[in-house]
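Analysis of the macromolecular model
Okay, here's what each chain looks like letter by letter:
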Amino acid sequence: MPTHEHLRRIPSVNRLLQTPALQEAMQAFGRAPVVAAVRETLDAVRDEIAAGRMPDLTPEALTTRIIAHLHRRVFPTLRPIINATGVIIHTNLGRAPLSQAALEAIRTVGAGYSNLEYDLESGRRGSRYTHVGELLAELTGAEAGLVANNNAAALVLILATHAAGHDILISRAHLVEIGGGFRIPDIMAQSGARLREVGTTNRTYIRDYEAAITPEQCAMILRVHTSNFRIEGFVHQPTLKELVALARRYGLLVGDDLGSGALLDTTQFGLAPEPRPQESIADGADVVCFSGDKLLGGPQAGCIVGRREVIDAIKRHPLMRAFRVDKTTLAALDATLRAYQRGTAVEEIPIWQMIATPTDVLRQRAEAWAGVWRQKGRQADVVPSQSAIGGGSLPGQTLPTWVVRLPSAHPQQEAAALRHATPPIVARIEDDSLLFDPRTVRPEEEQTLVRVVAATLEP
Ligand SMILES: *Cc1c(COP(=O)(O)O)cnc(C)c1O
């Protein structure tokens, strides 16, 4: 059929809008987005015809295309997904899932007004920083605490307040790229402080720091946790206590960027020790910062703890206003920290629940999934594997797990089909198989995962 004939057979916008499917869509999503979806789909159809293709022009086929296009326009682009990768703190997948208490706190504080910056005692203006600061201080043994938008902001605030125009000493081993192309030295440069690199990548001694101190110009020694890599072998770094002792002699501050900042002892789960903020405070650091959404298991935030005068000065810095947190973040962070205060973090906080899940439980869950998928005609094996902590915590550290392995002739295509499912499912691809790790799939997601995988993948 000639092109102009084919073009003439495209139904009109009005005719398509009369179809029951689009009438229903207009009820649900409003007229304007449906009309726009019709126009854009018909434009695409005309382009296809002009390119010599022959798209299906029946109203049924077109309304199906229009509704798929409409859904991309009207549904939020940020959507929940099921993480079957076994990577617990997956930065690309939103890091820490929140606890029930944190979600409830967001709901109740977000739904109405709150005393965010209102002192109920005096009836006058209060400070949003009182809310979580004291709890952070209590849990870490610090004099005071403060919360910023994220840990990168926390670091900029610390340095801009206490080292702008001055030198900061940092070991060459601590010049870390944290991910997404962001580098600690670049973030630090934004504070207006001058970096003085000391030592070498693998070995830095206390005398290297001492040699680099120019008393009038130097303000701080900064330690940055090498949170996403590990160097082994011929290595040496001074302890925090040694850095503190040196800093005291020259009147310098010691800052410690812990990255993850686990409040719990990770060795109880068979993992390497992750530095804890309470240890840095006990060892004498003046100011310590860590993320809210890594091993703390809360919302995105940058927690700062330390000596009261150091923290108070940060609160007064103009950048504090630019990096301040929202009420829902404060509510969620407070609720997350209360679980640590109660001593119930492992029971309540999803990332610790995932870390603490025993392997026999993971194996049972994997067996149950595999059983369903086998009934659908897929070969499904339950095999031992490793779950990663991920997200700039405990580099190279894994936990033994059991995964379902689905051998696949087209693993990339099948993984793509799962990413396009509703909800999207992200699995691991290894050799010629898809792997599903129960560790990062929350129990309430299990039924959906099993059903969607069975429906999406060919037998
Ligand atoms: C992750 C990380 C940061 C950045 O923390 P965000 O909360 O993502 O801003 C800074 N420093 C270190 C050492 C980190 O691991």
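Everything quoted here is computed from the prediction, not taken from an experiment.

So, about the UniProt feature "domain: L-seryl-tRNA selenium transferase N-terminal" (unreviewed entry) in the chain. In the UniProt entry, the feature "domain: L-seryl-tRNA selenium transferase N-terminal" (unreviewed entry) is given for residues 7–46. The annotated region residues 7–46 carries 82% helix and 0% strand content, and the separation between its end C-alpha atoms amounts to 7 Å.

To continue, consider the site of the ligand. With respect to spatial proximity, 13 residues lie near the ligand, and among them Ala152, Ser227, Asp257, Ser291 and Lys294 are the closest. Within the contact set of the ligand, an oxygen atom lies 3.0 Å away from a backbone nitrogen or oxygen of asparagine 151. One of the side-chain N or O atoms of aspartate 257 is found 2.7 Å from a nitrogen atom in the ligand. Out of a free accessible area of 380 Å², the ligand has 93% covered by protein chains. Here the residues of the shell around the ligand are counted per class, giving 4 nonpolar, 6 polar and 3 charged.

Attention now goes to the nonpolar core. Grouped together as the largest cluster of nonpolar side chains are 54 residues, with contacts concentrated most on Ile221, Leu295, Leu337, Tyr340, Trp352, Ile355 and Ile389. If you count residues domain by domain, this core takes at least three from each of domain 2 (82–91 + 353–456) and domain 3 (98–348). Within the second largest apolar cluster, 31 residues are counted, among which are Leu146, Ile170, Cys289 and Val310.

This paragraph deals with the sheet that holds strand S11 (residues 287–291). Two strands in a sheet stick together by hydrogen bonds in their backbones, pointing the same way (parallel) or opposite ways (antiparallel). Across the sheet, 7 strands lie side by side as S4-S12-S11-S10-S9-S5-S8; this open sheet has mixed pairing. Two strands in the sheet have a free side with no partner beyond their single neighbour: strand S4 (144–148) and strand S8 (194–198). Neighbouring strand axes in the sheet, compared pairwise and without regard to direction, differ in orientation by 25 degrees on average. The strands that helix H8 (residues 151–163) touches are S4, strand S5 (167–171), strand S9 (218–224), strand S10 (253–259), S11 and strand S12 (302–306); relative to S11, the one it contacts most, it runs at about 160 degrees.

With that settled, the discussion passes to helix H18 (residues 359–375). With 17 residues, H18 extends 24 Å from end C-alpha to end C-alpha; this agrees with the ideal 24 Å at 1.5 Å per step. When H18 is considered as a whole, its buried residues turn out to be Leu362, Arg365, Ala366, Trp369, Ala370 and Trp373. Along the axis of H18, the buried positions cluster into a sector of 135 degrees, meaning they face one direction only. Exposed residues pointing more than 90 degrees away from the buried face of H18 are listed as Gln364 and Gln375. Tucked inside the fold, the buried residues of H18 contact strand S13 (381–388), strand S14 (398–407), strand S17 (433–436) and helix H20 (446–456). Trailing H18 by a residue or two, glycine 377 shows a phi angle of about 95 degrees, which is positive.

Moving on, we get to the sheet that holds S17. Strand order in the open sheet formed by 4 strands is S13-S14-S17-S16, and the pairing between neighbours is antiparallel. Of all strands in the sheet, those with a lone pairing partner are S13 and strand S16 (428–430), marking the two edges. The average undirected angle you get between the axes of adjacent strands in this sheet is 45 degrees. Examined bridge by bridge, S14 and S17 share 4 bridges and lie antiparallel to one another. Residue pairing across strands places arginine 405 opposite leucine 435, the latter belonging to S17. On the sheet, H18 packs against S13, S14 and S17 and is oriented at approximately 5 degrees with respect to S14. Packed on one face of the sheet, helix H19 (residues 411–419) meets S16 and S17 and runs near 40 degrees to S17.

A few words on the layout of surface pockets. Each pocket or cavity is described by its volume, and for the largest pocket that value is around 650 Å³. Lining the largest pocket are 30 residues, and of these His174, Arg223, His225, Thr226 and Pro275 sit closest to its centre. Looking at which element gives the most residues to the lining of the largest pocket, the answer is S10, with 3 residues. Residues of the lining of the largest pocket, tallied by class, amount to 13 nonpolar, 9 polar and 8 charged. Here the lining of the largest pocket spans two domains, and each of domain 2 (82–91 + 353–456) and domain 3 (98–348) adds at least three residues to it.

Those residues carrying the UniProt feature "modified residue: N6-(pyridoxal phosphate)lysine" (unreviewed entry) are Lys294 in this numbering. With respect to the helices and strands, lysine 294 occurs in the loop between S11 and S12.

What follows covers the packing of aromatic side chains. Under the counting rule described, the total for this entry stands at 4 aromatic pairs. An angle of 90 degrees between the planes, with centres 5.6 Å apart, marks the rings of phenylalanine 29 and phenylalanine 75 as edge-to-face. In this pair, phenylalanine 29 sits in helix H3 (residues 20–29) while phenylalanine 75 sits in the loop between helix H5 (59–74) and strand S1 (82–83), placing the two residues 46 residues apart along the sequence. By relative accessible area, phenylalanine 29 is classed as partly exposed at 28%. Judged by its relative accessible area of 39%, phenylalanine 75 falls in the partly exposed class. With a centroid separation of 5.0 Å and an interplanar angle of 55 degrees, the aromatic rings of tryptophan 373 and phenylalanine 436 are classed as tilted. Here phenylalanine 436 lies in strand S17 and tryptophan 373 lies in helix H18, a separation of 63 residues in the sequence. Of the residues examined, tryptophan 373 reaches a relative accessible area of 2% and is grouped as buried. Relative accessible area serves as the criterion here: at 0%, phenylalanine 436 is assigned to the buried category. Put simply, the rings of Trp369, Trp373 and Phe436 touch in pairs and so form one group of aromatic residues. Seen from the ring of phenylalanine 234, arginine 203 lies directly overhead, with NZ or CZ sitting 3.8 Å from the centre.

About the criteria used
Residues numbered from 1 in each chain as written. Predicted model: local features only at pLDDT ≥ 70, side-chain atom pairs only at ≥ 80, totals over all residues. Heavy atoms only, no water. UniProt positions renumbered as here; feature names shortened; annotations may be inferred. Helix = DSSP H or I, 4+ residues; strand = E, 2+ residues; numbered from the N terminus. Near = heavy atom within 4 Å. Polar contact = N/O pair within 3.5 Å; in protein donor to acceptor, adjacent residues only side chain to side chain. Areas by Shrake-Rupley, 256 points an atom, 1.4 Å probe, with all protein chains shown as cover. Nonpolar A, V, L, I, M, F, W, Y, C, P; charged D, E, K, R; others polar. Core = buried A, V, L, I, M, F, W, Y, C linked by side-chain atoms within 4.5 Å. Buried < 20%, exposed > 50% of the residue type's maximum accessible area, 1.4 Å probe, protein only. Domains from an automatic or database assignment. Pairing = 2+ DSSP bridges. Axes fitted to C-alpha atoms, helices over the stretch in contact; angles between N-to-C directions. Contact = heavy atoms within 4.5 Å. Expected span 1.5 Å × (residues − 1). Arc of directions from axis to C-beta. 1 Å grid on protein atoms, 1.4 Å probe; cavity = no way out; pocket = protein on both sides within 12 Å on 5 of 7 lines; lining within 4 Å. Points joined across faces, edges and corners; volume = space filled by probe spheres on them. Phe/Tyr/Trp six-rings, centres within 6.5 Å; stacked < 30°, edge-to-face > 60°. Lys NZ or Arg CZ within 6 Å of the ring centre and 35° of its normal.

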